[in-house]
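Breakdown of the fold
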Amino acid sequence: MRPGKLCGAAVVVALAATACGGSGTGSDTGTDKGAREPGFPVKVADCKGVTTTFRSAPRKIVTSNAAALEMLLRLGAGDRVIGTGFPPHEGALPGALGAQARKVPVLAKSVIPKEKLLGSGADLYIDTFASMNTMGRAGDAPTEDEFTAAGIKHLYLASTACAPMAEKPQRDLSGVEGDIKRLGAVTGTSRRADALVAGMRAKTDRVHRAVGHLAPGKRPTYFFFDYDAGTKQPVAVCRKQVANAVIGQAGARNVFDGCDGDFKPVSWEDVVAKDPDWIQLGVRNRGDAAANAKAFDEAAAFLKRFPATKGLAAVRNGKFLRIGSERTTIAGVGNADTVEEIARTLHPDRFKAAR
């Protein structure tokens with residue numbers, strides 16, 4: 001694999017399984033829990049092609065944030081998670097998943113401090129971000145040598161961590177599916193991973209049958225407004241961000257599909273020049289339905305009163321979608337739900353015709 005190339009969705013699990021998303025810490029990890037499902041050893045390559053071998057499933061896992069935690073919970077490997085950073089808010093996960101998530105020790109409400117991570121006793125750290133430096137903790141990210149010395153293997157979610165250095169834009173959810181399958185292979189839960197991916201594809205296939213044939217010029221334009229990133233200068237989701245795939249799969253056109261990378265600060269003049277047909281009010285989960293509704297109302301109110309945006313047709317006509325940020329911009333099973341929700345909102349007649 002060439003450096004800088006983002007892996008696709010396919011994961012081959014046999015005596016040796018090769019995928020994309022780990023780092024070259026080199027040591028073996030895990031116990032007989034890997035015998036739950038055949039397929040070990042598993043080889044996983046990181047964004048630059050450096051390979052790590054798992055000879056059995058890890059026993060003690062730390063996750064960098066709620067995205068990786070949720071994947072493990074859905075895979076049935078939540079009992080092996082001994083800590084997380086960026087924990088999910090109350091109500092962010094449904095039913096039993098939420099109850100399980102609340103039992104996971106919170107090592108930090110944001111980025112886990114290096115000393116705490118290295119001293120956690122974990123044998124695997126799953127990292128949603130390319131570097132903790134990007135999360136405002138410059139110099140606090142352990143080096144690969146430090147991970148190795150602590151006996152911790154370091155695995156990335158490729159669809160988010162590797163995206164900025166990818167050669168191609170994210171146009172579908174194959175990167176997210178690949179992450180789920182890689183975690184399934186590493187944790188010995190591949191059958192469950194396959195089932196999760198099949199469920200996602202069933203939803204996106206329904207959408208594709210209804211709107212997949214629409215030519216670019218026939219697709220409504222779409223702006224993801226990250227309200228919580230700040231209102232003085234908007235932040236665009238670019239072509240290599242998961243949200244770009246979500247928007248495109250839903251039969252819309254991301255107005256900032258032309259910018260490279262994953263996120264990019266833009267100006268309100270840029271947004272006005274794009275004049276989007278629809279605007280998603282990207283609000284992060286507040287912990288309960290009432291608080292979320294209030295935040296969505298605040299985001300809409302800002303656009304309606306702000307001089308630069310109040311004249312936009314989407315704002316005047318109330319063409320807003322109230323869909324949370326996390327299941328749009330962070331990899332997870334919920335991405336497929338967002339694809340379907342956007343598509344049904346923008347193209348209701350096409351879904352009726354597709355029945």
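Scroll up to find the structure.
Here we summarise the structure given alongside this text. (Residues numbered from 1 in each chain as written. Predicted model: local features only at pLDDT ≥ 70, side-chain atom pairs only at ≥ 80, totals over all residues. Heavy atoms only, no water.)

**A closer look at the side chain of asparagine 244**
Mapped onto the elements of the fold, asparagine 244 is located in helix H8 (residues 242–249). One polar contact links asparagine 244 to asparagine 254, side chain to side chain, over a distance of 3.0 Å. For asparagine 244, the contacting residues outside a window of four places in its chain are Gln170, Arg171, Cys238, Arg239, Asn254 and Asp257. (Helix = DSSP H or I, 4+ residues; strand = E, 2+ residues; numbered from the N terminus. Polar contact = N/O pair within 3.5 Å; in protein donor to acceptor, adjacent residues only side chain to side chain. Contact = heavy atoms within 4.5 Å.)

**Observations regarding the nonpolar core**
Phe54, Ile126, Leu155, Ile180, Leu183, Tyr222 and Ile342 are the most contacted members of the largest nonpolar core, which totals 55 residues. Elements represented by at least two residues in this core include exactly strand S2 (42–45), helix H1 (66–75), helix H2 (95–103), strand S6 (124–127), helix H6 (174–187), helix H7 (190–211), H8 and helix H13 (334–346). (Core = buried A, V, L, I, M, F, W, Y, C linked by side-chain atoms within 4.5 Å. Buried < 20%, exposed > 50% of the residue type's maximum accessible area, 1.4 Å probe, protein only.)

**Concerning the packing of H7 against H13**
The contact between H7 and H13 brings their axes to 9 Å, and the two run at 20°. As the angle between them shows, H7 and H13 are arranged roughly parallel. Crossing of H7 over H13 shows left-handed handedness. Contact residues: H7 offers Met200, Lys203, Thr204, Arg206 and Val207, while H13 offers Ala336, Asp337, Val339, Glu340, Ala343 and Arg344. Partitioned by chemical class, the residues of the contact of H7 with H13 number five nonpolar, one polar and five charged. (Axes fitted to C-alpha atoms, helices over the stretch in contact; angles between N-to-C directions. Parallel < 35°, antiparallel > 145°, perpendicular 65-115°, else oblique. Left-handed = near helix turned anticlockwise from the far one by under 90°. Nonpolar A, V, L, I, M, F, W, Y, C, P; charged D, E, K, R; others polar.)

**A look at the pairing of strand S7 (residues 153–156)**
On a regular strand, each side chain points to the face opposite its neighbour's, so the side chains alternate between the two faces of the sheet. Side chains Lys153 and Leu155 of S7 all project onto a buried face; the interleaved residues His154 and Tyr156 project onto the opposite face, where all are buried too. In terms of strand pairing, S6 meets S7 through four bridges, oriented parallel. Looking at the pairing, aspartate 127 lines up with tyrosine 156 of S7. (Pairing = 2+ DSSP bridges.)

**Comments concerning unusual backbone geometry**
When glycine is set aside, most residues are seen to have a negative phi, and most peptide bonds are trans. With an omega of 5°, the peptide bond between phenylalanine 40 and proline 41 qualifies as cis. One non-glycine residue, phenylalanine 86, adopts positive backbone phi at about 40°. Look at phenylalanine 86 and you get partly exposed, because its relative accessible area is 24%. Although it is not a glycine, aspartate 275 sits at a positive phi angle of roughly 45°.

**Focus: the state of the cysteines**
Cysteine pairs can be linked by a disulfide, which is a covalent bond between their two sulfur atoms. On inspection of all chains with the given rule, the structure shows two disulfides. Note on cysteine connectivity: cysteine 47 is disulfide-linked to cysteine 162, with sulfurs 1.9 Å apart. Where cysteine 47 bonds to cysteine 162 through sulfur, the torsion about that S-S bond is close to -75°, and the disulfide is left-handed. You can see cysteine 47 sitting in the loop between S2 and strand S3 (51–54) and its partner cysteine 162 sitting in helix H5 (residues 158–162), a full 115 residues away along the chain. The pair cysteine 47 / cysteine 162 is uniform in exposure class, with both members buried. Across the disulfide, cysteine 238 is cross-linked to cysteine 259 (sulfur-sulfur distance 1.9 Å). On the S-S bond that ties cysteine 238 to cysteine 259, the torsion sits near -105°, and the link is left-handed. Here cysteine 238 is found in the loop between strand S9 (235–237) and H8, whereas its partner cysteine 259 is found in the loop between strand S10 (253–254) and strand S11 (263–265), with 21 residues between them in sequence. For cysteine 238, a relative accessible area of 0% puts it in the buried group. Described in terms of the sequence order of its bonded cysteines, the disulfide pattern of the protein is 1-2, 3-4. (Disulfide = S-S within 2.5 Å.)

**Observations regarding the sheet that holds strand S5 (residues 81–84)**
In spatial order, the strands read S5-S4-S6-S7; together these four strands make up an open sheet with parallel pairing. Unpaired on one side and paired on the other, S5 and S7 mark the two borders of the sheet. Each neighbouring strand pair of the sheet contributes to a mean axis angle of 20°, computed without reference to strand direction. Where H1 meets the sheet, its contacts fall on strand S4 (61–63), S5 and S6, and the angle it forms with S4 comes to roughly 135°. Across the face of the sheet, H6 comes into contact with S4, S6 and S7 while running at roughly 155° to S7.

**Some points on the sheet that holds strand S8 (residues 221–226)**
Across the sheet, four strands lie side by side as S10-S8-S12-S13; this open sheet has parallel pairing. Both edges of this open sheet fall to S10 and strand S13 (320–321), since each of them pairs with a single strand only.

**Considerations on the layout of surface pockets**
In this model, the largest pocket occupies a volume close to 1,400 Å³. Considering the residues around the largest pocket, the lining is formed by 50 residues, among which Asn65, Ser325, Glu326, Thr329 and Ile330 are closest to the centre. Top contributing element to the lining of the largest pocket by residue count: H1, with four residues. By residue class, the composition of the lining of the largest pocket is 23 nonpolar, 16 polar and 11 charged. (1 Å grid on protein atoms, 1.4 Å probe; cavity = no way out; pocket = protein on both sides within 12 Å on 5 of 7 lines; lining within 4 Å. Points joined across faces, edges and corners; volume = space filled by probe spheres on them.)

All we've got here are geometric facts, nothing functional implied.
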